[in-house]
Number of protein chains: 2
Amino acid sequence: MSAATQDHYTPANMPDSRPEASYSINLTTGAHVRQACRYGVHTTTTAGLAKTFIQANLIILPSRYASDFRLLCARNPVPCPLIAESEEVGRWDAVKSWISGLNGHDVLGSVDIRRDAPKYMVYKDNKLLKSHCDDLTAEWTEDHVAFVIGCSFSFESALSEAALSPRHVIMNRTVPMYRTNIPLCPAGVFTGSTYVVSMRPYKKSDIENVRTITRSFAMTHGEPIAWSWDAIARLGIKDIDIPDWGTAPLAGDGGRFGALFGNDDDVPVFWGCGVTPQEAVMRADLKGTIMGHAPGHMLVLDCRDWDIVTKS
Amino acid sequence: MSAATQDHYTPANMPDSRPEASYSINLTTGAHVRQACRYGVHTTTTAGLAKTFIQANLIILPSRYASDFRLLCARNPVPCPLIAESEEVGRWDAVKSWISGLNGHDVLGSVDIRRDAPKYMVYKDNKLLKSHCDDLTAEWTEDHVAFVIGCSFSFESALSEAALSPRHVIMNRTVPMYRTNIPLCPAGVFTGSTYVVSMRPYKKSDIENVRTITRSFAMTHGEPIAWSWDAIARLGIKDIDIPDWGTAPLAGDGGRFGALFGNDDDVPVFWGCGVTPQEAVMRADLKGTIMGHAPGHMLVLDCRDWDIVTKS
């Protein structure tokens, strides 16, 4: 066992058996984070944990909506990159994946999807039932199917390595996200939805580098879908200062775009965002119990950033 | 050999050896049509030929653009469904395919991509060099890659079988096609392009049936992307009476929508269209020699409509 995995959590060293204050927490792998969440040791956001391990969005639906949701992802792979799903209806302990070179076990080995994210949201008949609850053991049924969807953390690491850290990362904020008027291709019950995008400002002269670096991350939104000031209107974003989720570019520092637009020649660069499929699910007004991770409280996988990079 | 294949073309019974007037042409399979095109026997549109055999769009690019084009299709699978591509750079005689259950040989067995469509278009440095030429033997180089892209003929047959024949089929016209303002997700050199859509009018009460029937044709655009009169404005279509390609809905019969909108409760239904990737290629202003089939003069494959239907 390597030094990096010696702090691995097991039920034996969870809070029940040792006082919490005595822990030296070292969540360096996806399996570490999942076990720490499973046993209530880690309960906050997953930002910065288990670097290079892929963090993912989680959407859990009644089985009758599964084929339509799968098709929604297939038809809209940029905002809805489906990495894996329950191996069978009702399975919370194993996933399957169609990603080239990965099978379900590579994506998620030992897992309890009901407990392995730090916090969850539960909706009943499209109304919020529980916010930021610790687990889904009471709500999960034999009829549920879990879907694991890529998020942009992976390419942010790659950008940072190329000295192109996104501004919100440097400033320790949440990336601003916006609803757009770009329609998703409908799929069955999922109609009338639009792209949600995340925004990172970059100098015009850096945009081709930023595109190239993020291009190969096909399972985590890939290259930007739009860039430039003109793009704001084209995407139907009403006010770039007022994101629908995340931290406003303006907040705190005064001056238009003071916080996230640091340079006069910065322009907004927009990527497909994993909030898109969540919005599509809410918009579809589904019956029954729908579940997902709480914002920022992701499911951390066993596969690494480089496992899902597309070779061109 | 079955009765249906006894009129199969071989070089021995081509025009050189027998007078053309003596032929009893019976192009019942993809291989028949391709051979008839290859030897100059069939030189007109492929509409109605070799029923249930998939007809496809053809785009041929210099190899340096191949990975970007492949990514464009992967990011925009609804308007750009990539069925197969040259097995290696420079290969005009074999394709590979990633479609589940199909390999290159199942898609196209014996093929000469340079000669097996009835008519071709050739562009040099983004300018039209040859229109409706018979073959590409002079232009094809060892650096070219051919891409085979689905078209909507397949689902039209399925609609007709369900007594939902598209109006333009009944009236023996070309489906009307429109540019939209819906952006494609960019990929490398392919930026700034938008969806092209085809339009078929249906009664409101038939739309859910039409959606269900076309949904499983994932490799030939699948279910509609928009429907209703409101959709015209949402897609940015300026005038439904003036398509950018195909036959105007109005033409011939007088009265607004007289020709293609037969009932008062008909509404326009829009699908992703295979002209989209052609438009994206033209918009990218590529250098070198680009080739494709001439409109309506498709490459007919060996696989059948039901081979590429998605099981849900």
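For the structure itself, consult the block above.
Since this is a predicted model, take the numbers as computed values, not measurements. (Residues numbered from 1 in each chain as written. Chains lettered and ligands numbered in written order. Predicted model: local features only at pLDDT ≥ 70, side-chain atom pairs only at ≥ 80, totals over all residues. Heavy atoms only, no water.)

Focus on the overall build of chain A
Regarding its fold elements, chain A presents eight helices and twelve strands. Looking at the 312 residues of chain A, the share that counts as buried comes to 55%. When the accessible surface of chain A is split by element, carbon and sulfur atoms take 50% of a total near 12900 Å². (Helix = DSSP H or I, 4+ residues; strand = E, 2+ residues; numbered from the N terminus. Buried < 20%, exposed > 50% of the residue type's maximum accessible area, 1.4 Å probe, protein only. Areas by Shrake-Rupley, 256 points an atom, 1.4 Å probe, with all protein chains shown as cover.)

Thoughts on the pattern of salt bridges
Residues and elements named next belong to chain A. Inspection of every chain in the model, using the stated rule, returns 36 salt bridges over all chains. The shortest N-O distance in the salt bridge between Asp266 and Arg167 comes to 2.7 Å. Of this pair, Asp266 sits in strand β10 (residues 266-272) while Arg167 sits in helix α5 (residues 167-170); the two residues are 99 residues apart in sequence, bridging distant segments of the chain. In this pair, the class of Asp266 matches that of Arg167, namely buried. (Salt bridge = Lys/Arg side-chain N within 4 Å of Asp/Glu carboxyl O.)

A short note on helix α8 (residues 275-283) of chain A
Residue and element names in this part refer to chain A. Among all positions of α8, only Val275, Thr276, Pro277, Ala280 and Val281 are buried. Check the buried side of α8 and you find it contacts β1 (53-62), α2 (66-75), β6 (144-150), β7 (177-183), β8 (194-203) and β11 (289-293). Within two residues after α8, Asp285 carries a phi angle of roughly 55°, on the positive side. (Contact = heavy atoms within 4.5 Å.)

Quick word on the interface of chain A and chain B
With 24 residues of chain A at the contact, the number on the chain B side is 24 residues. Summed over both partners, the interface of chain A with chain B buries about 1700 Å², with 64% contributed by carbon and sulfur atoms. At the surface where chain A touches chain B, the tally comes to zero salt bridges. The tally of links from chain A across to chain B stands at nine residue pairs in polar contact (both at pLDDT 80 or more). Elements with a minimum of two residues in the side of chain A that touches chain B: α2, β7 and α6 (207-215) of chain A. The element best represented in the side of chain A that touches chain B is α2(A), accounting for five residues. In the side of chain A that touches chain B, the residues fall into 13 nonpolar, six polar and five charged. (Buried area = accessible area lost by both parts, 1.4 Å probe. Polar contact = N/O pair within 3.5 Å; in protein donor to acceptor, adjacent residues only side chain to side chain. Nonpolar A, V, L, I, M, F, W, Y, C, P; charged D, E, K, R; others polar.)

Here's the deal with the environment of B:His144
Residue and element names in this part refer to chain B. Of note, His144 is situated in strand β6 (residues 144-150). Take His144: its relative accessible area is 4%, and that puts it in the buried class. As for His144 and Thr289, which are separated by 145 residues in sequence, their C-alpha atoms are 8.7 Å apart. The residues touching His144, leaving out its near neighbours within four places in the chain, are Ile60, Leu61, Pro62, Val89, Gly90, Arg91, Glu139, Thr289 and Met291. In this structure the side chain of His144 is engaged in a polar contact, spanning 3.0 Å, whose partner is the side chain of Thr141.

Re the pairing of strand β1 (residues 53-62) of chain B
Look at any regular strand and the pattern is simple: side chains alternate between the two faces of the sheet. All names here are of chain B. Most of β1 sits inside the fold, with ten of its ten residues counted as buried. As paired elements, β1 and strand β12 (residues 299-304) share three bridges and run antiparallel to each other. Within β12, the residue paired with Gln55 across the bridge is Val300. (Pairing = 2+ DSSP bridges.)

Looking at the packing of aromatic side chains
For the structure on display, the rule yields eight aromatic pairs over all chains. Centroid distance A:Tyr178 to A:Phe270: 6.4 Å. Interplanar angle 75°. Geometry classified as edge-to-face. Residue A:Tyr178 is located in strand β7, and its partner A:Phe270 is located in strand β10; the two are separated by 92 residues in the primary sequence. Just as A:Tyr178 is buried, A:Phe270 falls in that class too. A ring pair is formed by B:Phe69 and B:Phe147, whose centres lie 4.8 Å apart and whose planes are at 55°; its orientation type is tilted. (Phe/Tyr/Trp six-rings, centres within 6.5 Å; stacked < 30°, edge-to-face > 60°.)

Details of the relation of the copies chain A and chain B
Relating the two copies of this chain is a rotation about some axis coupled with a shift parallel to it. Mapping chain A onto chain B calls for a screw motion: a turn of 180° about the axis and a shift of 0.0 Å along it, with 0.0 Å RMSD after fitting. Put plainly, the chains are arranged around a two-fold axis. No C-alpha of chain A lies nearer the rotation axis than that of A:Ile182, which sits 3.3 Å from it. The overlap is high: 100% of the interface residues of chain A also sit at the interface in chain B, so the same surface is used on both sides. (Least-squares fit on C-alpha atoms with pLDDT ≥ 70 in both.)

Observations regarding the sheet that holds strand β10 (residues 266-272) of chain B
Residue and element names in this part refer to chain B. Strand order in the open sheet formed by four strands is β7-β8-β10-β9, and the pairing between neighbours is antiparallel. Across the chains shown, the open sheet's two edge strands, defined by having one partner strand only, are β7 (177-183) and β9 (226-227). Contacting β8 (194-203), β9 and β10, helix α6 (residues 207-215) runs over the sheet at an angle of about 20° to β10. (Axes fitted to C-alpha atoms, helices over the stretch in contact; angles between N-to-C directions.)

A look at α6(A)
An α-helical turn contains 3.6 residues, so any two residues separated by three or four positions project in the same direction. Among the residues of α6(A), A:Ile207, A:Val210, A:Arg211, A:Thr214 and A:Arg215 are the ones counted as buried. Seen end-on, α6(A) carries its buried residues on one side only, within an arc spanning 130°. Where α6(A) is buried, its residues meet α4 (153-161), β8, β9 (226-227) and β10 of chain A together with α2 (66-75) of chain B. (Arc of directions from axis to C-beta.)

As for unusual backbone geometry
Residues and elements named next belong to chain A. Not every positive phi belongs to a glycine, and Asp125 is a case in point at roughly 45°. With respect to the helices and strands, Asp125 occurs in the loop between β4 (120-124) and β5 (127-133). The class for Asp125 is partly exposed, based on a relative accessible area of 34%. For Asp285, which is not glycine, the phi dihedral falls at a positive 55°. Inspection of the secondary structure puts Asp285 in the loop between α8 and β11. Its relative accessible area of 42% is what places Asp285 among the partly exposed residues.

Examining the sheet that holds β8(A)
All names here are of chain A. Spatially, four strands are ordered β7-β8-β10-β9 in an open sheet, and the strand pairing comes out antiparallel. Across the chains shown, the open sheet's two edge strands, defined by having one partner strand only, are β7 and β9. Of the pairings in the sheet, the one linking β9 to β10 comprises two bridges and is antiparallel in character. Across the sheet, the residue bridging to Trp227 is Val269, located in β10. Sitting on the sheet, α6 touches β8, β9 and β10, and the angle it makes with β10 is about 20°.

Side note on the pairing of β11(A)
Residues and elements named next belong to chain A. Counting buried positions along β11 yields five of five residues, so the element is predominantly enclosed. Both β4 and β11 contribute to a ladder of five bridges, which runs antiparallel. Its bridge partner lying in β11, Tyr123 is registered against Ile290.

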